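Residues per chain are reported as follows:
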Amino acid sequence: MTGRTAVTVRVPAKVNVQLAVGGARPDGFHDLANVFLAVGLYDEVTAAPAPALRVTATGPDTDRVPLDRTNLAARAAELLAARYGIAPDVHLHIAKDIPVAGGMAGGSADAAGALVACDALWGTGASREELLEICAELGSDVPFSLVGGAALGLGRGELLTPLEVGGVGAGAFHWVFAVADGGLSTPAVYAEFDRLNEGVDVPEPEASPGLMDALRAGDAAALAGALSNDLQPAALSLRPSLAATLSAGTAAGALAALVSGSGPTTAFLAKDAESAVAVADAVVASGTCRAARVAVGPVAGATVV
Ligand code: C5P
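What you see is a predicted model, and the numbers here were worked out from it, not measured in a lab. (Residues numbered from 1 in each chain as written. Predicted model: local features only at pLDDT ≥ 70, side-chain atom pairs only at ≥ 80, totals over all residues. Heavy atoms only, no water.)

In this section: helix α2 (residues 106-122). Its 17 residues give α2 an end-to-end C-alpha distance of 24 Å, which sits within 8% of 24 Å, the value for a rise of 1.5 Å per residue. Of all the 17 residues making up α2, 16 are buried; the element is thus mostly covered by neighbouring parts of the structure. Downstream of α2 by a residue or two, G123 has a phi angle that is positive, lying close to 65 degrees. (Helix = DSSP H or I, 4+ residues; strand = E, 2+ residues; numbered from the N terminus. Expected span 1.5 Å × (residues − 1). Buried < 20%, exposed > 50% of the residue type's maximum accessible area, 1.4 Å probe, protein only.)

Here it is as structure tokens:
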């Protein structure tokens, strides 16, 4: 113990600017070329000493967040404690702002946040490599939640290479996220991807050079032309109403629209901050989504506040 009373960590959401999905592997996962961008919607995870492991959560839709040991944040605390031979006696409080089960890695963010918060609270002093190893054990998107910025994820998404983003630096791109009613299960969306691709020879996923160039240049118009998500047909098949949200955003001047990860959140790339507000107003006015949020990206990963 470090004698600290509580540690709070802020962790961003992500959008996949490219999600290229290969065929199903023998272990049930899919090889990916997954280009992540961290965006400025945040969950905050606070770790405080407690007699036993306990999880609480506040924010929209937290009735759908498990508060038992199946919560990825609780599992993060347990894995770190086990590695250092200590008891995971901690109260984890999650202040949620990232849409729940929305395809924006909210659960992964909470896991990365809990890991960094417990490491600081317990003074375990785990190396970055150790933390990333634990993240990869927790889930395919968790390592990216730790590092943030922009990165290419290979394997099942956990093997990260940081990517340079040009333009005006942090927050180079302006996004709008339309929050749908209810969530979508990531395994269900991957299963639908498999069903839709039955009998198809799915090519090896590869990162798009044009997309990497657009990121490097900080060129929103070029990025708009290169955005892609192989899970989008599966998400639309399970939730056909998302098509109307996508159309409402493009009609309002978004440079491009796509499903965020496995959905059901939809993402709109805007020309600038002003256009992002107009797109957000229009998607809400269309009545096809519950709420809209504007956010910039890239932003930093898990950070002690
Ligand atoms: O790794 P994570 O626990 O986030 O994955 C959740 C589910 O998403 C997996 O059980 C699997 O069904 C699917 N998945 C996949 N291929 C990936 C990542 C996730 O099939 N690369």
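Further notes follow.
Here we take up the packing of α2 against helix α3 (residues 128-138). Relative to each other, α2 and α3 sit at 145 degrees, their axes nearing to 10 Å. Of the two elements, α2 crosses α3, and the hand of that crossing is right-handed. Here α2 contributes A111, L115 and D119 to the contact with α3, which in turn contributes L131, I134, C135 and L138. Looking at the contact of α2 with α3 residue by residue, the classes come out as six nonpolar, no polar and one charged. (Axes fitted to C-alpha atoms, helices over the stretch in contact; angles between N-to-C directions. Left-handed = near helix turned anticlockwise from the far one by under 90°. Contact = heavy atoms within 4.5 Å. Nonpolar A, V, L, I, M, F, W, Y, C, P; charged D, E, K, R; others polar.)

By the burial criterion, the buried members of helix α5 (residues 186-196) are V189, Y190, E192 and F193. Buried residues along α5 cover an arc of 155 degrees about the axis, so they all sit on one side. On its buried face, α5 sits against β1 (7-24), β2 (30-49) and α8 (232-238). (Arc of directions from axis to C-beta.)

Bringing the domain arrangement of the protein into the picture now. Taken domain by domain, the protein consists of domain 1 (7-163) and domain 2 (173-297). The centre of domain 1, based on its C-alpha atoms, is set 22 Å off from the matching centre of domain 2. Taken together, the contact between domain 1 and domain 2 spans 32 residues of the former and 40 residues of the latter. Between domain 1 and domain 2 the total buried area reaches about 2,700 Å² when both faces are included, carbon and sulfur atoms providing 63% of it. (Domains from an automatic or database assignment. Buried area = accessible area lost by both parts, 1.4 Å probe.)

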